Structure formats: C-alpha cells, structure tokens
Amino acid sequence: MKLFVIAMLCTSPLFAQDQIPLKFSIEEEAGPIFEKVLTKDQLNRVIGLLDKYKPEANNIFQWDPQTPRRKSIQKVEITFTTRNDLRFNQHITESNFPNESALDKSATTILWSEINPASKIADHTKQTIEVFVFLDRVFLQSNGTIRIDGITRLIGILAHEMFGNVTKFLHIETDKDVESHLHRINIEINAFQAGIDFLERLINDLKQNTSENAFIDGLQNNLNEQITMQAQWIQIRDSLLSPIHQNQNKFFISDSADLELINIYNLNGEPIDTDRLYNENTRTLNTNLLPKGTYIVHIRVANPDQETIKRIVIF
C-alpha cells in the first residue's frame, strides 16, 4: 500500500503536447527507513542534480517531440520500497522483463499494464514505467546499520534507471524486443553506461566548483562500482556471443561455427578419445564424463575464427 506521494515532478515538458508526469511515492513498509535516511529536501536536491546533469539525448526530463516513443505510457513512477515488496513480486511474475533475479539489485525498472476491472485482462494501451528503489539495499548495510554513502548511491542508481532503463522503455514499441536474453543483457549494459556517463559529468563539474570532498568521494565509489558491474555484464554478453561457450565442465559449440578440431590430453600429454564425450547433435563436449583427474581441452573453430585451450579438473 502506498504510504504517501512525495511529489509530482517534471522540471521540463517531456513531450510538447503529451507530458508524462514523474511521480515519487513510498510503500508503507519502506516508510520507517525513508524517515531515517532521506528527507524531502534531500530528495529534491537529488532530482535537481539528475535534471541539471541529464544527457543531451532524449530522457525523462526532455524529449524531442519528433522522436517516436511508446504512446501507451501514462506515467513514470519512482517507488521507494524494500526487497519484501509483495506488489513488486507480483509485477515481476507478470512481466517478461526483468527476470526473477531482480531482487538482488538495488533498483529495478519494469513496464506494467493496468488491469481492466471488467475483463480482468491487462490493458496494454494504459501502461506505467515503474522504478522500484529498494531502500534497504541502497541505504543499509547487511547488518542493518545505515550506510554513510546512501545519498550518493541513490544518485547513481537513479541515473542508471532513469537515463538507462526508463529511456529504453519509452523507446520500445513492442514487448518482442525484450524477449531475447541477449537483448536484455545489452539493455543492462547500456543502462550502466548511462549511469557512468552521468556520474562522470557530475563529478567532473563538482571537482571544479565545490569543496564537498566526501560527497565527491561517494559519487566516485559508486562510479567505480557501476564500471565494475558493467564489465561483468559485458563479460556475460561476450561469452554468449562466443562460438565456444564454457559452462562448468561442458563446452558448447555455436551452430554457426565450423568446428575444426577437439582434442583432450591428460597431464602426460596423452590424447583422450572424445567420441563418447562429444555430441554432434547438440554440439556439446561434456568432460564431466571423464575419470577424475586434470586435463587439457583444445578446441578450434573457423568462421568466426576462435581457439580455446583450457585446463580442467574433474573431481
């Protein structure tokens, strides 16, 4: 249940003739945390910084009326809540984006449709982009103590969601775009880039115009964190795009790749028969079928050209 609405903010028209309101609210269970870690004045300052250092490209604070966007969006809502939010859990079971791992994050953006009260069917002409910000993950340590860098974390997290995921949902016209796992990964990488770019603009300007070193240090820490997490997503994407993909002790060969060789050797350099290990139909090499020991796996493919040599241990 919504405890109260903080504000209805939109500092400049999102669309010249079709403005979308930006709404901030707090879920009831998050109220006690909000009162300890954030004031409305601080929140207004955060939103002011997001607006001042927004990207030049289309975003929630400004939009080129000539650029197509999802016409069904009724509002963009920032909801402060916790990981135990039942309504959020309901939304992620109904939405094809994001997935069930969303609660591992500090914030998640979803697109949901209003339910027609008569038909009980989702009305996809009336939709909301909602950013769930989990205050317990943003502002609290794992033992429940308050983080000293909560405000700077909130700034970076909101930049990631508002300039990354919210902007993406405003552009998206069909839900088919988010059905691809690879497409979802690219969305996340781009959202991290939006947060990184924002934080770099903000930090570079503050260094020239303020002596708030602790505040700048907090922003820099969040910037470093976002850079690290983006690198992890890029590694996941590159692994999926690779013609040779390893998961545990299984090696998967892309259907489009021309397999040139598969060799396995024990530590004495003796070749191991791979006939029973490699499935031509699934193009999978399962080294878990080997006896216990240490082995060297050598796989080479062409078009695209790639070679991998891995040392594996079977327990």
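Calculation criteria
Residues numbered from 1 in each chain as written. Predicted model: local features only at pLDDT ≥ 70, side-chain atom pairs only at ≥ 80, totals over all residues. Heavy atoms only, no water. Helix = DSSP H or I, 4+ residues; strand = E, 2+ residues; numbered from the N terminus. Contact = heavy atoms within 4.5 Å. Pairing = 2+ DSSP bridges. Core = buried A, V, L, I, M, F, W, Y, C linked by side-chain atoms within 4.5 Å. Buried < 20%, exposed > 50% of the residue type's maximum accessible area, 1.4 Å probe, protein only. Polar contact = N/O pair within 3.5 Å; in protein donor to acceptor, adjacent residues only side chain to side chain.

Q: Help me understand the environment of arginine 283, please; the structure alone is not making it clear to me.
A: On the secondary structure map, arginine 283 appears in the loop between β10 (278-279) and β11 (284-286). The residues touching arginine 283, leaving out its near neighbours within four places in the chain, are Phe251, Phe252, Ile253, Ser254, Asp255, Ala257, Leu259 and Tyr278.

Q: Hey, could you run me through the sheet that holds strand β9 (residues 271-272) in this one?
A: Pairing between the strands of a sheet comes from backbone hydrogen bonds, and it takes one of two forms, parallel or antiparallel. An order of β9-β8-β12-β13 is seen for the 4 strands of this open sheet, with the pairing classed as antiparallel. Of all the strands in the sheet, the pair left with one neighbour each is β9 and β13 (306-314). The pairing of strand β8 (residues 258-266) with β9 spans 2 bridges and is classified as antiparallel. What sits directly across from isoleucine 264, in β9, is isoleucine 272.

Q: Teacher, can you tell me more about the nonpolar core here?
A: Within soluble globular proteins, side chains that are nonpolar generally end up buried alongside one another. Counting 52 residues, the largest nonpolar core has Leu50, Ile78, Phe80, Val133, Leu154 and Phe198 as the members making the most contacts within it. With 10 residues, the single largest contributor to this core is helix α5 (residues 150-171). Those residues in contact with phenylalanine 198 that lie beyond four places of it in its chain are Leu49, Leu50, Tyr53, Ile155, Ala159 and Phe163. Counting 16 residues, the second-largest nonpolar core is a separate cluster that includes Ala257, Ile264, Ile299 and Ile312.

Q: Explanation requested: the sheet that holds β11 in the structure shown.
A: In space, the 4 strands of this open sheet follow the order β6-β7-β11-β10, with antiparallel pairing throughout. One side of each edge strand has no neighbouring strand; the edge strands of this open sheet are β6 (244-247) and β10.

Q: Please explain the side chain of threonine 152 as it appears in this structure.
A: Looking at the element boundaries, threonine 152 is found in helix α5. Threonine 152 gets classed as buried once you look at its relative accessible area, which sits at 5%. There is a polar contact of 2.9 Å between the side chain of threonine 152 and the backbone oxygen of aspartate 149. Setting aside chain neighbours within four positions, we find threonine 152 in contact with Phe215, Gly218, Leu219 and Asn222.

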